[in-house]
Amino acid sequence: MSAVAQAVMRPTTALHAGWLLFERDLRLAMRRWEHVADPLVFFLMVTTLFPLALSPELSRLRDVAPGVLWVAALLSSLLAADTLLKSDAQDGTLEQYLLSGQPLTLLLLAKTAAHWILTGFPLVLVSPLVAVALGAPAESLDTIMLGLTIGTLTLSLLGAIGAALTIGLRRGSLLLSLLVMPLAMPLLIFGARSSELAIGGHSAAGPLYLLASLLVLAVTLAPLTAAAAVRISID
Amino acid sequence: MWTWFHKLASPPHVYRIAGRLTPWFGWTAFLLIAAALYGGLVLAPPDYQQGDAYRIIYVHAPSAWMSLFIYVTMAVAAAVGLIWRIKLAHAVAASAAPVGASFTFAALATGALWGQPMWGTWWVWDARLTSELILLFLYLGFMALRASIDDVQRADRASALLAIVGVVNVPIIHYSVVWWNTLHQAPTVTKMGAPSISLTMLIPLLMMIVGFNIYFLAVLLIRVRGEILRRERSAGWIREQVRA
Amino acid sequence: MNPQDFFAMGGYAAFVWPSYAVALLVLIGNVVLARNAHRRAREDALRRTARQEETS
């Protein structure tokens, strides 16, 4: 049993166990960069497709920039969601979490947080470059980044539910995407609208608040739901 | 009272009762729908604005209603099955899904067919049609998840959780789609509202809705019987009852 | 009202009748599929329990 798994099983506070898991996931990911790079490269390539498919004219691209950014972020997140639980499920660590006596909800929240840092956060960092490449004005960039931060956090949480439901299934990744996509549509609507308003020079407060409320809902309910799903999938 | 409830959860009992009830529900539904068809197509007068095209409402509205009602039913049954571990409830959820999906498809198709003469295009991203489309995706996801899991128990419970997540999201999705629709130019033709309802127009519509509901019960009972058989391991009552 | 007028549906026949056809398809289709599913489940169950009886 790994040192971290041992530590998690030791009688310790739930919060500490969560923190250990969070650290461990980040450290493990440092050894395998491809998990981090894949969603990022996917995001960059998808956003490149649109100028190629539509037009090199920035004025035209500016109109579709919000949609392109958010759809690409959604697709990247769905692609990345599979990796949240896959390796732990394969090597039996997931069962250790169940047996550890620590609240699974908190452990999953910790894992999702680490997962976001590895897959969602890079998208946020890169988004100003992509947005500018699609014609967005400099003044809109901070709002775009804020919206994408909230949005990708929510997507990671939704993805956790999907990942937990599809553990070990063949073509699980595709199924995960199909299951999560309808749930992510409101997020897409509000998020793209917030970026659209920002690009147009208006206040994006309304949709941003709506996005934030979705995040609050997701943070409170998703880890719980994912924990129930893990139990259903593993037991 | 308790023995009645226990019997309700007993598969062989439900199997037998369902078999006896199905023809009653089936024929009642048939008569109601036939009568509603006559009322809607023949007796009701043409609409002032939409002419005879409005008659599509007699199949569109009940389909849309059923698509939503069945989803909620499915989610409630799934939740009951998950919380109280009643296999029969899972059987009901599994049975309801394809029926609900088919009504959602019907709502979309009839909606498009109604939209073309009214708005001039086969598809419009109006709030209702878009919500119906997303509902179809929710149904398909539920069915796809079930189909991907070989173990019946895991399939039941995983899809139940998904259905609960879905039903919680339905109001969120609907609100966000309405919000999105009002932002951008709504279709220039006035919304596909119900025609000014005269009684001769309304009664066939209500009859059709009731007929569809009873029809759903009949089909549900047929499917549930099959689902019960799929889940039953013990030989005894199957060989006695099923051949009869 | 004569049959021709009825079928013409005020010029909207091309939309009204296919709509009703879709509805009819769904109504009939559900019954057919449900009955098939039940039949298949019945056959499987009988086959499954026949094996059980043989081994007992």
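Novice: What am I meant to see in the overall build of chain A here?
Specialist: In terms of helices and strands, chain A carries 11 helices and 0 strands. Its helices and strands taken in sequence order, chain A reads α-α-α-α-α-α-α-α-α-α-α from the N to the C terminus. Relative to the globule expectation of 18 Å for 235 residues, the C-alpha radius of gyration of chain A, 18 Å, shows essentially globular dimensions. Considering only C-alpha atoms, chain A reaches an extent of 60 × 30 × 30 Å along its principal axes. Of all 235 residues assigned to chain A, the portion counted as buried reaches 50%.

Novice: Even after reading the chapter, I still don't get the overall build of chain B, so can you show me in this structure?
Specialist: Scanning chain B for helices and strands turns up 8 helices and 0 strands. Mapped in sequence order, the helices and strands of chain B form the string α-α-α-α-α-α-α-α. Viewed in the frame of its principal axes, chain B has a C-alpha envelope of about 60 × 40 × 30 Å. For chain B, buried positions account for 47% of its 244 residues. Pairs at least 24 residues apart make up 80% of the contacts formed inside chain B by residues separated by at least 6 positions.

Novice: Which parts of the structure should I look at to understand the interface of chain B and chain A?
Specialist: A common way to state how big an interface is: give the accessible area lost once the parts meet. Of the residues lining the interface, 20 residues belong to chain B; the matching set on chain A comes to 19 residues. Counting residues per element, the ones that place at least two in the side of chain B that touches chain A are α5 (127–148) and α6 (152–183) of chain B. Each residue belonging to the side of chain B that touches chain A can be placed in one class, and the counts come to 14 nonpolar, 4 polar and 2 charged.

Novice: I would appreciate a short explanation of helix α10 (residues 172–199) of chain A in the present structure.
Specialist: In an α-helix, one turn spans 3.6 residues; hence positions three or four apart end up facing the same way. Residues and elements named next belong to chain A. Of all the bends in α10, the greatest, near 45°, is centred on L183, and the proline P186 appears no more than four residues after it. The element α10 is largely enclosed, with a buried count of 22 among its 28 residues. Remark: G201 follows α10 within two positions and exhibits a positive phi of approximately 90°.

Novice: Can you help me understand unusual backbone geometry in this one?
Specialist: When glycine is set aside, most residues are seen to have a negative phi, and most peptide bonds are trans. Phi at R171(A) takes a positive value of approximately 55°, unusual for a residue other than glycine. Within the secondary structure layout, R171(A) lies in the loop between α9 (141–165) and α10. Exposure remark for R171(A): the 11 C-beta atoms within 10 Å place this residue in the exposed category. One non-glycine residue with positive phi stands out, namely R85(B), at about 50°. Within the secondary structure, R85(B) sits in the loop between α3 (57–84) and α4 (87–119).

Novice: Where do I start with the packing of α9(A) against α10(A) in this structure?
Specialist: In helix packing, the relevant descriptors are the interaxial angle and the interaxial distance, both defined with respect to the helix axes. Residues and elements named next belong to chain A. Where α9 meets α10, the closest approach of the two axes is 10 Å, and the angle between their N-to-C directions is 175°. In terms of orientation, α9 lies roughly antiparallel with respect to α10. Residues T143, I144, G147, G151, T154, L155, L158, G159, G162, A163 and L165 of α9 touch α10, and the partners they reach there are L176, L179, V180, L183, A184, L187, G191, S194, S195 and A198. Its residues assigned to classes, the contact of α9 with α10 comprises 12 nonpolar, 9 polar and no charged.

Novice: Is there a simple way to explain the interface of chain B and chain C in this structure?
Specialist: The interface is formed by 33 residues belonging to chain B together with 27 residues belonging to chain C. If you list the elements that add at least two residues to the side of chain B that touches chain C, you get α3, α4, α7 (199–231) and α8 (236–243) of chain B. In terms of residue count, α4(B) provides more of the side of chain B that touches chain C than any other element does, 11 residues in total. Taken together, the residues of the side of chain B that touches chain C sort by class into 19 nonpolar, 7 polar and 7 charged.

Novice: So what exactly am I meant to see when it comes to the confidence of the model for chain B here?
Specialist: Low pLDDT means the predicted coordinates in that region are not meant to be read closely. Residue and element names in this part refer to chain B. For chain B, the average pLDDT comes to 88, and 90% of its residues sit at 70 or higher. Mean pLDDT across the secondary structure elements of chain B bottoms out at helix α1 (residues 2–8), with 61, and peaks at α3, with 96. Taken together, the stretch residues 187–192 has pLDDT below 50 and engages in 7 contacts with residues farther than four places along the chain or on a different chain.

Novice: Would you mind showing me how to read the environment of S76(A) here?
Specialist: On the secondary structure map, S76(A) appears in helix α4 (residues 58–81). Contact partners of S76(A), with chain neighbours within four places excluded, come to P39(A), F42(A), F43(A) and L123(A).

Novice: Help me understand the environment of A72(A) in this model?
Specialist: All names here are of chain A. Structurally, A72 is set in helix α4. When the C-alpha positions of A72 and T152 are compared, they lie 11 Å apart, and in sequence the two are 80 residues distant. With residues near it in sequence (within four places) discarded, A72 still touches F43, V46 and T47.

Novice: Which parts of the structure should I look at to understand the arrangement of the chains?
Specialist: Most contacts, compared over the 2 pairs of chains touching, are made between chains B and C. A minimum C-alpha distance of 24 Å separates chain A and chain C, which share no contact.

Novice: What is the right way to read the nonpolar core from this model?
Specialist: Soluble globular proteins tend to bury their nonpolar side chains together. Within the largest apolar cluster, 157 residues are counted, with the highest numbers of intra-cluster contacts made by A164(A), A229(A), M74(B), A93(B) and L161(B). With 18 residues, the single largest contributor to this core is α4(B). Discounting residues that sit within four places of it in the chain, M74(B) has contacts with A93(B), A96(B), A97(B), G100(B) and A163(B).

Novice: When you look at the packing of helix α8 (residues 121–133) of chain A against α9(A) in this model, what are you seeing that I'm missing?
Specialist: Residue and element names in this part refer to chain A. The interhelical angle for the contact between α8 and α9, taken along N-to-C directions, is 145°, at an axis separation of 9 Å. Crossing of α8 over α9 shows right-handed handedness. From α8, L123, V124, S127, P128 and A131 reach across to α9, where they touch L141, I144, M145, L148, T149 and T152.

Novice: What am I meant to see in the environment of T200(B) here?
Specialist: Residue and element names in this part refer to chain B. Structurally, T200 is set in helix α7. With 12 C-beta atoms counted inside 10 Å, the residue T200 sits in the exposed group. Considered as a pair, T200 and P45 are 155 residues apart in the sequence and their alpha carbons are 7.6 Å apart.

Novice: Even after reading the chapter, I still don't get helix α2 (residues 14–31) of chain A, so can you show me in this structure?
Specialist: Residue and element names in this part refer to chain A. Taking 1.5 Å per residue as the helical rise, α2 with its 18 residues ought to reach 26 Å, and the 26 Å between its terminal C-alpha atoms agrees with that figure. Every buried residue of α2 is listed here: A17, G18, L20, L21, R24 and D25. Looking straight down α2, one finds that the buried residues subtend no more than 160° of arc, so they occupy a single side. Opposite the buried face of α2, by more than 90 degrees, sit the exposed residues L15, R27 and M30.

The rules behind these values
Residues numbered from 1 in each chain as written. Chains lettered and ligands numbered in written order. Predicted model: local features only at pLDDT ≥ 70, side-chain atom pairs only at ≥ 80, totals over all residues. Helix = DSSP H or I, 4+ residues; strand = E, 2+ residues; numbered from the N terminus. Rg over C-alpha atoms; globule rule 2.2 N^0.38 Å. Buried ≥ 20, exposed ≤ 12 C-beta atoms within 10 Å, placed from the backbone. Contact = placed C-beta atoms within 7 Å. Nonpolar A, V, L, I, M, F, W, Y, C, P; charged D, E, K, R; others polar. Bend = angle between axes of the 7 residues up to and from the residue. Axes fitted to C-alpha atoms, helices over the stretch in contact; angles between N-to-C directions. Parallel < 35°, antiparallel > 145°, perpendicular 65-115°, else oblique. pLDDT = per-residue confidence, 0-100. Core = buried A, V, L, I, M, F, W, Y, C linked by C-beta atoms within 7 Å. Left-handed = near helix turned anticlockwise from the far one by under 90°. Expected span 1.5 Å × (residues − 1). Arc of directions from axis to C-beta.

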